[in-house]
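# Geometric and topological summary
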Amino acid sequence: MATYKTLAASLDWPTGQPPSQTTTLICSSLSAPGDILLPHFLSSDHAVLLSFTQTSNHYMHILRKMGVHRPKIHFVNALTDFSLDALPSATRPKLTWLAGQPENTTLVVDGLCSLMDQGMSAVQALLGGRLVVSVFLDEFTEKLVRALARRSHYVFNFEGLASGASSDVSGQLTATFKPVHLHYKVADTAVQFFSPGQSRTVL
Amino acid sequence: MDLQSQLPGWTSARRDKKDPDLKIAWRYQNLPRVDKEMENTQGTAGEMAFCERFDLSTRIPREALERAKIDLIDGDKIAEMSQGDRYRGDMYKCVLDEIARIIDDGGFSSLQQPPAGHERNILRLELRSLGSAFWRGDTSILQFLHALRGLLRYSYVACVISLPVHLYDGDSGRLPVVRRIEHLCDAVIELESFEGAYAKPTDIVGGRKAGAATEYHGFLHIHKLPRVNSLTAAGGRLSILHSGGGSANNLAFRQRRKKFCIETYHLPIEGGVTERRVPEDNKKPRAVGCGSRPGKPDPLEF
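A quick note: this is a predicted structure, and the numbers were derived from the prediction, not measured.

Our focus in this paragraph is the packing of aromatic side chains. All names here are of chain B. Throughout the structure, instances matching the rule amount to 12 aromatic pairs over all chains. For the pair Y92 and F144, a centre-to-centre distance of 5.2 Å together with 40 degrees between the ring planes defines the contact as tilted. Note that Y92 is positioned in helix α3 (residues 91–105) and F144 in helix α4 (residues 141–152), a separation of 52 residues in sequence. With respect to class, Y92 is no different from F144; both count as buried. When the centroid spacing of 6.2 Å and the interplanar angle of 45 degrees are considered together, the rings of W135 and F144 count as tilted. One exposure class covers both W135 and F144, and it is buried.

Okay, structure coming up:
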């Protein structure tokens with residue numbers, strides 16, 4: 001997708017998507033939500049989206065605004081299909097159908113921390129394709145996020161700017177696997193990534 | 001305790017928008033007014049007006065209450081209902097089922113067609129003091145909010161929740177569960193009062209004229225704005241008070257006898273308006289250098 005070209009170029013992923021059999025973790029904070037990176041992974045060939053936070057309409061609207069007119073995404077609603085007395089085994093029936101998906105699948109999970117809210121203490125990653133997980137990092141979810149980070153091949157960290165809020169820059173993105181340090185600005189139809197100080201509005 | 005009878009009533013006075021004749025700055029007369037407060041945009045007669053003005057010293061008239069369609073979820077009844085076999089003491093689940101029932105009965109669910117002859121309307125839901133000691137049950141507030149969000153995403157409902165966050169402030173700061181609650185909600189605003197603060201920020205953050213009559217009572221922080229169906233919060237772009245996350249517009253509130261108002265604030269002029277005079281006893285004309293202090297000779301002066 002055009003929006004993410006700068007980012008994909010700096011990450012050195014040949015196909016623009018992470019290599020298969022890898023796990024990517026996106027950490028967000030309250031002032032800098034990281035789900036703005038999800039449309040990039042959703043635009044891959046075959047994507048399965050499991051969301052705890054939003055309905056399918058939300059992602060469809062965003063993708064349409066960014067120029068993807070027929071998003072081919074298999075959506076799994078974890079927002080309402082989760083009962084209040086969630087048991088750990090409740091997730092397994094949902095995930096066994098994944099074994100029937102084609103090899104090149106990207107599984108995107110939005111808001112995995114909601115499992116913690118429901119009372120779970122451990123999460124298993126069991127995929128052959130690519131797993132992309134979006135979580136919020138704070139004191140409550142620290143253990144979960146650290147456990148996931150240890151298992152992940154790529155970790156993106158979205159934070160607000162240390163110097164305060166700005167209307168030109170929405171936040172900063174750092175990554176551990178490569179010395180990536182980018183600022184970004186979120187607009188309604190696109191996200192712009194740029195090196196610190198190189199924003200078009202500032203230059 | 002009848003909460004409904006304590007709701008404030010509307011003001012009858014309309015703001016008079018006559019601009020006085022500007023003699024000197026007449027060029028600015030035609031420019032749009034930028035005020036620290038938002039102007040109340042009263043629509044023409046027949047249009048629905050949003051953003052009513054309320055008068056805190058009056059109460060809502062009884063006729064308006066009777067005409068309105070209000071479904072009250074009574075706390076005492078919930079406490080009673082939740083004791084039965086079905087809920088086993090879980091008040092959150094009980095309230096959630098009540099809300100689901102009201103949504104279904106009133107035709108507010110977007111998953112079902114409204115009953116015949118019924119016009120679609122929006123339900124405004126208010127949850128007062130969620131998370132206070134009154135709420136008991138196995139379900140945590142986090143599970144409740146997650147289930148509520150799932151319910152509301154498929155309904156024509158707007159929900160406002162008030163959380164007594166002072167109950168979650170401990171010696172070592174705020175409990176982490178508050179951050180989880182913030183993540184589960186679409187919009188988060190916080191009123192931070194100056195009352196009880198060690199240093200009174202009112203001394204620094206002045207009103208239009210410094211004085212007790214116009215001083216502020218606290219800050220209003222907007223932590224999060226709703227971002228549904230979009231990458232950015234639509235509300236942030238359209239508002240002049242909170243321009244997209246920049247700290248250009250800081251908001252403070254003040255509560256007077258008749259109204260509660262929210263304004264942008266800025267630091268007043270340094271040194272104060274009345275203290276800017278050079279002290280009279282120093283007859284020698286002094287150049288003001290970087291080391292100068294009033295009343296003492298400048299050590300750098302030569």
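Moving on from the coordinates now.
So, on to the interface of chain A and chain B. Taken together, the contact pairs 38 residues of chain A with 33 residues of chain B. Summed over both sides, the interface between chain A and chain B buries roughly 3,000 Å², with carbon and sulfur atoms accounting for 59% of that surface. For the interface between chain A and chain B, the tally reads 1 salt bridge. A salt bridge links R227 of chain B to D35 of chain A, with the nearest nitrogen and oxygen atoms 3.1 Å apart.

So, about the sheet that holds strand β7 (residues 188–193) of chain B. Strands belonging to one sheet form pairs held by backbone hydrogen bonds; the direction of such a pair is parallel or antiparallel. All names here are of chain B. Ordered by their spatial adjacency, 4 strands build an open sheet running β7-β8-β9-β10, and the pairing between neighbours is antiparallel. Looking along the sheet, the strands with just one partner apiece sit at the ends: β7 and β10 (260–265). Adjacent strand axes in the sheet meet at a mean angle of 35 degrees when their direction is disregarded. Relative to strand β8 (residues 218–224), β7 runs antiparallel, the two sharing 6 bridges. In the sheet register, E192 faces β8, and the bridge partner there is F219.

The next point concerns helix α3 (residues 56–65) of chain A. Residue and element names in this part refer to chain A. What α3 keeps buried is the set H58, Y59, M60, I62 and L63. As for α3, its buried residues are in contact with α2 (38–42), β2 (46–51), β3 (73–77) and β4 (105–110). Of the residues one or two after α3, G67 is the one with positive phi, at around 105 degrees.

This paragraph deals with the side chain of D35 of chain A. Among the secondary structure elements, D35 of chain A is positioned in the loop between β1 (23–28) and α2. Separated by 3.1 Å, the side chains of D35 of chain A and R227 of chain B make a polar contact.

Turning next to the pairing of β3 of chain A. Residues and elements named next belong to chain A. Here 5 bridges tie β2 to β3, and the two strands are oriented parallel to one another. Directly across from L49, in β3, lies its bridge partner F75. Considered for its hand, the β-α-β crossover made up of β2, α3 and β3 is right-handed.

Moving on, we get to the confidence of the model for chain A. All names here are of chain A. Predicted confidence across chain A gives a mean pLDDT of 75, with 78% of residues reaching 70 or more. Ranking the elements of chain A by mean pLDDT puts helix α4 (residues 91–96) last, at 49, and α3 first, at 89. A low-confidence stretch, residues 84–93 (pLDDT under 50), is modelled with 12 contacts involving residues beyond four sequence positions or located in other chains. Counted against residues more than four places away or in other chains, residues 121–128, with its pLDDT under 50, gives 9 contacts.

Let us now look at a nonpolar patch on the surface. A cluster of nonpolar residues, L191, F260 and I262 of chain B, forms a patch on the protein surface that exposes about 250 Å² of accessible area. Relative to the helices and strands, L191 of chain B is located in strand β7.

Quick look at unusual backbone geometry now. Residues and elements named next belong to chain B. Unusually for a residue other than glycine, S129 sits at a positive phi of about 55 degrees. By relative accessible area, S129 is classed as partly exposed at 32%. With a phi angle near 60 degrees, N229 is a residue other than glycine that sits in the positive phi range. Counting through the fold element by element, N229 comes out in the loop between β8 and α6 (234–238). Look at N229 and you get partly exposed, because its relative accessible area is 25%.

Now for empty space enclosed by the protein. Take a probe with the size of a water molecule and roll it over the atoms, and the empty space left behind shows itself. Evaluation of the coordinates by the stated rule reveals 2 cavities of 30 Å³ or more. By volume, the largest cavity amounts to about 90 Å³. Taken together, 13 residues line the largest cavity, and the ones lying closest to its centre are D35, P39, H58, Y59 and I62 of chain A. Looking at the lining of the largest cavity, the elements that each hand over two or more residues are α2 and α3 of chain A. A total of 4 residues in the lining of the largest cavity trace back to one element, the largest contributor, which is α3 of chain A. Per-class residue counts for the lining of the largest cavity are 7 nonpolar, 3 polar and 3 charged. When its volume is computed, the second largest cavity comes out at roughly 50 Å³. Lining of the second largest cavity is provided by 10 residues; of these, T53, S114 and F136 of chain A together with R149 and R180 of chain B occupy positions nearest its centre. For the lining of the second largest cavity, the secondary structure elements donating two or more residues are α5 (114–117) of chain A together with α5 (177–184) of chain B. Considering every element that reaches the lining of the second largest cavity, the biggest residue donor is α5 of chain B, with 3 residues. Along the lines of polarity and charge, the residues of the lining of the second largest cavity split into 3 nonpolar, 4 polar and 3 charged.

How each quantity is defined
- Residues numbered from 1 in each chain as written.
- Chains lettered and ligands numbered in written order.
- Predicted model: local features only at pLDDT ≥ 70, side-chain atom pairs only at ≥ 80, totals over all residues.
- Heavy atoms only, no water.
- Phe/Tyr/Trp six-rings, centres within 6.5 Å; stacked < 30°, edge-to-face > 60°.
- Helix = DSSP H or I, 4+ residues; strand = E, 2+ residues; numbered from the N terminus.
- Buried < 20%, exposed > 50% of the residue type's maximum accessible area, 1.4 Å probe, protein only.
- Contact = heavy atoms within 4.5 Å.
- Buried area = accessible area lost by both parts, 1.4 Å probe.
- Salt bridge = Lys/Arg side-chain N within 4 Å of Asp/Glu carboxyl O.
- Pairing = 2+ DSSP bridges.
- Axes fitted to C-alpha atoms, helices over the stretch in contact; angles between N-to-C directions.
- Polar contact = N/O pair within 3.5 Å; in protein donor to acceptor, adjacent residues only side chain to side chain.
- Right-handed = clockwise from strand over helix to strand, strands pointing away.
- pLDDT = per-residue confidence, 0-100.
- Patch = residues over 30% accessible without salt bridge, like charges linked within 9 Å, V, L, I, M, F, W, Y side chains within 5 Å.
- Areas by Shrake-Rupley, 256 points an atom, 1.4 Å probe, with all protein chains shown as cover.
- 1 Å grid on protein atoms, 1.4 Å probe; cavity = no way out; pocket = protein on both sides within 12 Å on 5 of 7 lines; lining within 4 Å.
- Points joined across faces, edges and corners; volume = space filled by probe spheres on them.
- Nonpolar A, V, L, I, M, F, W, Y, C, P; charged D, E, K, R; others polar.

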